[in-house]
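Summary of the model geometry
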Amino acid sequence: MNYDEVVKAARACIGDSCKVCSVCNGMGCKNRIPGPGAKGVGDTAVRNYQKWQEIRVNMDTLHENRPADTSVELFGRTFRYPFFAGPVGAVDMHYSDKYDDPAYNNILVDACAKAGIVAFTGDGMNPEVVRSAAAAIAAAGGMGIPTIKPWNLQTIREKLDLVKQAGAFAIAMDVDAAGLPFLKNFTPPAGSKTVDELREIAQMAGVPFIVKGIMTGKAARKAEEAGAAAIIVSNHGGRVLDQCPATAEVLPEIVEAVGGRMKVLVDGGIRSGVDVFKALAMGADGVLIARPFVTAVYGGGAEGVQCYVEKLGAELADTMAMCGASALSGISGEMIRRP
């Protein structure tokens, strides 16, 4: 199975809201929610993609001819590539009922672990979502990162108890999910967190804690103050606030603010190994990619995930070789050209 076949198969079983575009750039779905679209006019998801495309890579083949080492270390674990599957929830509502969240996570977590990367799992109103995600991570030997939404502290404590039993090597919270309607209407209140509240959650996690949804240097420093081990530069794919800047636009200021003191990951519109290279050249330690992994699972199950991972990995290795980086540590800002 090749990636074109994965996409073709996904088109046959995903609903009308997602167009399963050859490149997931936000144009086909725009503001379709339910569906994979973005909030408001839907321009943030489109902007996420477009801003990565405005960055160009500088070719330089005058260097020693060596195979590219694409491996990366994160919290004591070594992964084959510096990209990971991002958390996606309510797949049966946004895509189609071929899968629900437990079935989706079961395939994704295992397939990513076997491909040498790791999957972040999603969260939802139904407690079974986190429970089944924890079971999938446990079955993969802890090779998965559960992502908990910013519920009230009691609910967070209950969910953390579930996922800690899975032996996950890290736990994440997508604080940007505070903008989702079901969280706004949740009782007791859920949503944004103070630094003190986030510090308490990080301590409860008991393993490296990752804060997803950072879009400014100021917010990155707050996450650092709260004890986060890593952050994910993310605007939740444009699904929670209209008219946001793209993640590629804010990544440099965030790297400048906390880079070197905590791990900086980034998501939003990254769609190829070349885009992964650009993000690393701008100072990111790794990237998350979410929506295309949905296409991979719907279009080919575990084989589809493997196919997509190999595609991205080959693109990254080729870009490294053509730009003069034999290892990820050799990727630098001089290898890209920003507008």
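One can find the structure itself at the top, above this paragraph.
Below or above, wherever it landed, is the structure these notes cover.

Parameters at a glance
- Residues numbered from 1 in each chain as written.
- Predicted model: local features only at pLDDT ≥ 70, side-chain atom pairs only at ≥ 80, totals over all residues.
- Heavy atoms only, no water.
- Axes fitted to C-alpha atoms, helices over the stretch in contact; angles between N-to-C directions.
- Helix = DSSP H or I, 4+ residues; strand = E, 2+ residues; numbered from the N terminus.
- Left-handed = near helix turned anticlockwise from the far one by under 90°.
- Contact = heavy atoms within 4.5 Å.
- Buried < 20%, exposed > 50% of the residue type's maximum accessible area, 1.4 Å probe, protein only.
- Salt bridge = Lys/Arg side-chain N within 4 Å of Asp/Glu carboxyl O.
- Core = buried A, V, L, I, M, F, W, Y, C linked by side-chain atoms within 4.5 Å.
- Phe/Tyr/Trp six-rings, centres within 6.5 Å; stacked < 30°, edge-to-face > 60°.
- Pairing = 2+ DSSP bridges.
- Right-handed = clockwise from strand over helix to strand, strands pointing away.
- Expected span 1.5 Å × (residues − 1).
- Arc of directions from axis to C-beta.
- Parallel < 35°, antiparallel > 145°, perpendicular 65-115°, else oblique.
- Nonpolar A, V, L, I, M, F, W, Y, C, P; charged D, E, K, R; others polar.

**Comments concerning the packing of helix α9 (residues 217-225) against helix α10 (residues 247-258)**
Where α9 meets α10, the axes come as close as 8 Å, and the angle between the chain directions of the two elements is 35°. Considering only the axes of α9 and α10, their crossing is right-handed. Counting all contacts with α9, which are made through G217, A220, R221 and E224, the residues of α10 involved are E253, I254, A257 and V258.

**Details of unusual backbone geometry**
In this chain, I33 is followed by P34 through a cis amide linkage whose omega measures 5°. Despite not being glycine, K30 has its phi angle at roughly 45°, a positive value. Locating K30 in the fold gives a position in the loop between α1 (3-11) and α2 (43-53). On the basis of relative accessibility, which here comes to 32%, the residue K30 falls in the partly exposed class. For H236, which is not glycine, the phi dihedral falls at a positive 60°. With respect to the helices and strands, H236 occurs in the loop between β9 (230-233) and α10. Among the residues examined, H236 registers a relative accessible area of 12% and is labelled buried.

**Observations concerning the environment of E334**
Of note, E334 is situated in the loop between α12 (291-323) and β12 (336-337). Each C-alpha atom of the pair E334 and V163 lies 41 Å from the other, and the pair is 171 residues apart in sequence.

**Some remarks on the pattern of salt bridges**
All told, the structure shown has 16 salt bridges when counted by the stated rule. Between D123 and K159 there is a salt bridge whose closest N-O contact spans 2.7 Å. With a gap of 36 residues between them, D123 in the loop between β5 (120-121) and α5 (127-139) and K159 in helix α6 (residues 153-164) connect regions that are remote in the sequence. Taking the relative accessible area as the measure of exposure, D123 reaches 5% and is therefore buried. Using a relative accessible area of 9% as the deciding quantity, one classes K159 as buried. Notably, a salt bridge pairs E200 with R157, separated by 3.5 Å at the nearest N-O pair. With E200 in helix α8 (residues 195-205) and R157 in helix α6, this pair connects stretches of sequence that are 43 residues apart. Assessed through its relative accessible area of 32%, E200 is described here as partly exposed. On the accessibility criterion, R157 (32% relative accessible area) is partly exposed.

**As for the nonpolar core**
I231 and F293 are the most contacted members of the largest nonpolar core, which has 113 residues in total. Tallying contributions element by element places α12 first for this core, with 13 residues. Those residues in contact with F293 that lie beyond four places of it in its chain are F84, A85, Y104, L108, C112, I117, V305, Y308 and V309.

**A closer look at the packing of aromatic side chains**
Evaluated as defined, the whole model comprises 9 aromatic pairs. Taking 6.2 Å as the distance between ring centres and 40° as the angle between the ring planes, the aromatic pair formed by Y95 and Y298 counts as tilted. Placement of the pair is Y95 in the loop between α3 (91-94) and α4 (101-115) and Y298 in helix α12, with a sequence separation of 203 residues. Taking the relative accessible area as the measure of exposure, Y95 reaches 8% and is therefore buried.

**Some details on the pairing of strand β10 (residues 263-266)**
With 4 bridges joining them, β9 and β10 adopt parallel strand pairing. When the sheet's bridge partners are listed, I231 is paired in β10 with V264. Bridge count between β10 and strand β11 (residues 286-289): 2 bridges; the pairing is parallel. Looking across to β11, one finds that V266 is bridged to V287. Taken together, β10, helix α11 (residues 273-281) and β11 form a β-α-β motif whose crossover is right-handed.

**Remarks on α11**
Most of α11 sits out of view: 8 of its 9 residues are buried. Those residues of α11 not exposed but buried are G273, D275, V276, F277, K278, A279, L280 and A281. Looking one or two residues past α11, G283 carries a phi angle of roughly 110°, positive in sign.

**Focus on α10**
Here α10 contains 12 residues, and its C-alpha end-to-end distance of 16 Å stays within 8% of the 16 Å for a straight helix at 1.5 Å per residue. Buried residues of α10: T247, A248, V250, L251, I254, V255, A257 and V258, and no others. Down the axis, α10 shows its buried residues gathered within 155° of arc, on one side only. Considering only its buried residues, α10 is in contact with α2, β8 (209-214), α9, β9, β10 and α11. Within two residues after α10, G260 carries a phi angle of roughly 95°, on the positive side.

**Some points on the packing of α6 against α8**
Two elements in contact, α6 and α8, have axes separated by 10 Å at closest approach and are oriented at 25°. Comparing the axis directions of α6 and α8 gives the class roughly parallel. Considering how the two elements wind past one another, α6 and α8 form a crossing that is right-handed. Between α6 and α8, the residues in contact are L153, I156, R157, L160 and K164 and E197, E200, I201, M204 and A205, respectively. Its residues assigned to classes, the contact of α6 with α8 shows 6 nonpolar, no polar and 4 charged.

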